[in-house]
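# Chains, contacts and geometry: an overview
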Amino acid sequence: MEDYLQQLDDEQRTAVLKSAGRSIIIAGPGSGKTRVITYKLLHLLKTGIKPSEILLVTFTRAAANEMIDRARMLTGIDLEGITAGTFHHICNLILRRYARKVGLFPNFTILDEEDSKSLIKHVRTMVLERTGEIKHFPSHGVLQKIFSYATNTMSTLHSALLKINPKYIDYEKIIEDIYREYTIEKRNQNCVDYDDLLVFAVQVLQDSDIRLRESRKYKWILVDEFQDTNILQLNLIELLSSFHKNIVVVADDSQSIYSFRGARYENVRDFMKIDGTKLFKIQTNYRSVEPIVKLINATIPKRSVPKVLRAVKFSDQKPIVIKTSDRQEEAAYVSKQILRLIEQGFDPEEIAVLYRSHSHSLELQIELSKQQIDFKILSGIRFTETAHVKDIIAFLRIIQNPREKISWIRVARLFPGIGAKTASNLAEHAYGAALQNDVSSILDGFSQKKGQILEIKKLLSEMQEESTVSDKISFLYESFYQQYLQDNYPDYKERQQDIERLIEVALRYNSLEHFLSDLTVNEDVQNNVSKGQKITLTTVHQAKGLEWDVVFVISVNPGDFPSYYALMENNIDEEERIFYVAITRPRKLLYLVTQQYPSSPYMYWAKAVDFLQKIPEELVDIYDTSY
DNA sequence: GTCTGTAATCTTTTT
DNA sequence: GATTACAGAC
């Protein structure tokens, strides 16, 4: 037995050594999933596989980096050359190589959710102008959900419409029109949205020559968090593994929490069913103490593969249920308790507060600030989603792909005197001129608002002259945007710091295309370097795969968690899995906090589904602090 | 056409 | 309780 595998238990070691061909590892929470993948990587390298022959698909970029770093530490082998990242990242890489196969130019840009929403809004307005005013027609936000769901589930617009909101079924024809036009617009503007990345990558791989070339590269494919893949992603890994047929996926079906974006935990079952698939199970829970594991076992979601977790860590402390009155009191209790824990010697970095929705954390944020407890928020608005960073990106996107109207509009509107109308005219002009002209002369011949146009033109052409991405941004910042921030935002100082950080990040890149796609598809770039000892606030979704000594789950009351929508649509199964993910995060202490009189008016009729009422009383300690 | 203040309109989870 | 749509002033 290789001694570097000594650190694994029997189940883990078997999974590392014997998984080959088509394999699935069913892993309970806290059973060392990451460890198994890391050791699998290590084992492959030890047996002579080159990093460039491995494809590692993870749920976030950070997860991939972590595994690679650990494998490097354990082996001393540099993993330079490995292909690793999220599905979107990998699809982007493939699509850059074969863009023309699907009618794109290789310099295509990627729309984030907000961009794609505004493009849908634009198309929606145009189509509705033709058909005349329609009352209660779905908003652009709803349309986007419908389109996205249809794409990610590879189903018809009709069934997506039924799923998202059946009351719009009468408008099916017009919605189809908008969808068609939206697709055409994207194509014309040489840009793709998040869903297109997956769709087009799969489309490209239908070509047998390309499929052979691409799938030959990857002797081994490893996929983490397989329970959260959708049908497109399943297709993609099937195509990429079609030559060597070594594909190892790791899954916990009880933790599938992304069905809203098409994830189907049935992928796990379907994958297992195919002949010759090897199945491994690792069920020991190394993370949580026994009283927590007992609660976990009692809370296994319905409709998952039956499992019983074994605990190895012991403790006298049961999970604690706290009944508070409302959000205010909940916040007060939680921050007081956190202070107490820190006094007792708990490391703030090892304390986290989890919630179903961002909005549930507002009162707590205020309370924590009052008590001077430092905290960091994992979810919420991302760095690249802030207005000021998006402004800078818009300039860069114009240089990268001048056909894209959304960025032209965004840039134009930064200048006083230019509103929606002029900006839209300008974008149309730019779109028409972009094919024949260089960026600097695209605006020639546009006659409105001469002064501002001249300034835009000058900025763009000088940015183009600068050779590195970082210099391009620096130039824009110093000659225009720094002043703009000062004139328009009271909190301009923080925003300026963000841009300065962006300039630093850009130093690592020598290609504009690379920089832009990493910003939209590779969220690791954005993770702010947090200094000092801070507790963590995050949604349960973002907490997936993470662990802390102490975890508070707040607002565990009907209407908040389970969410109001889930109760409306009677979609409790997924909420159960989200709750399951939440209670499986702590190592030592779990607090479940609920409100007796929540502000949400829904709790009164929704009382029927209360997670806390389903918990056997002897498994927890209950305290009532409400008035 | 643009800008600003007020009324109406929803409220989830994310690459 | 924040975002968006709209109306009216410039």
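Residues numbered from 1 in each chain as written. Chains lettered and ligands numbered in written order. Predicted model: local features only at pLDDT ≥ 70, side-chain atom pairs only at ≥ 80, totals over all residues. Heavy atoms only, no water.

## Quick notes on the sheet that holds strand β15 (residues 548-553)
Reading across the sheet, the seven strands line up as β13-β14-β12-β15-β16-β11-β17 and stay open at both edges, with parallel pairing between neighbours. Edge positions in the sheet fall to β13 (375-377) and β17 (621-624), since each of these pairs with one other strand and no more. Each neighbouring strand pair of the sheet contributes to a mean axis angle of 20°, computed without reference to strand direction. As paired elements, strand β12 (residues 351-355) and strand β14 (residues 535-539) share four bridges and run parallel to each other. Bridging across to β14, Ala352 finds its partner in Thr536. Contacting β12, β15 and β16 (586-595), helix α25 (residues 572-583) runs over the sheet at an angle of about 130° to β16. (Pairing = 2+ DSSP bridges. Helix = DSSP H or I, 4+ residues; strand = E, 2+ residues; numbered from the N terminus. Axes fitted to C-alpha atoms, helices over the stretch in contact; angles between N-to-C directions. Contact = heavy atoms within 4.5 Å.)

## A look at the domain arrangement of chain A
By the assigned domains, chain A splits into domain 1 (3-92 + 198-282), domain 2 (109-189), domain 3 (295-374 + 532-624) and domain 4 (387-521). Distance between the C-alpha centres of domain 1 and domain 3: 31 Å. Contacts between domain 1 and domain 3 engage 18 residues on the former and 19 residues on the latter. Summed over both partners, the interface of domain 1 with domain 3 buries about 1,600 Å², with 52% contributed by carbon and sulfur atoms. Taken together, domain 1 and domain 3 are joined by five salt bridges. Between Lys307 and Asp253 there is a salt bridge whose closest N-O contact spans 3.0 Å. (Domains from an automatic or database assignment. Buried area = accessible area lost by both parts, 1.4 Å probe. Salt bridge = Lys/Arg side-chain N within 4 Å of Asp/Glu carboxyl O.)

## Quick word on the layout of surface pockets
By volume, the second largest pocket is sized at about 710 Å³. Ser118, Lys121, His122, Ile409 and Ser424 are, among the 21 residues lining the second largest pocket, the residues nearest its centre. Looking at the lining of the second largest pocket, the elements with two or more residues in it are α5 (113-131), α17 (405-412) and α18 (420-433). Looking at the lining of the second largest pocket, its residues break down into six nonpolar, six polar and nine charged. Split by domain, the residues of the lining of the second largest pocket number at least three in each of domain 2 (109-189) and domain 4 (387-521). (1 Å grid on protein atoms, 1.4 Å probe; cavity = no way out; pocket = protein on both sides within 12 Å on 5 of 7 lines; lining within 4 Å. Points joined across faces, edges and corners; volume = space filled by probe spheres on them. Nonpolar A, V, L, I, M, F, W, Y, C, P; charged D, E, K, R; others polar.)

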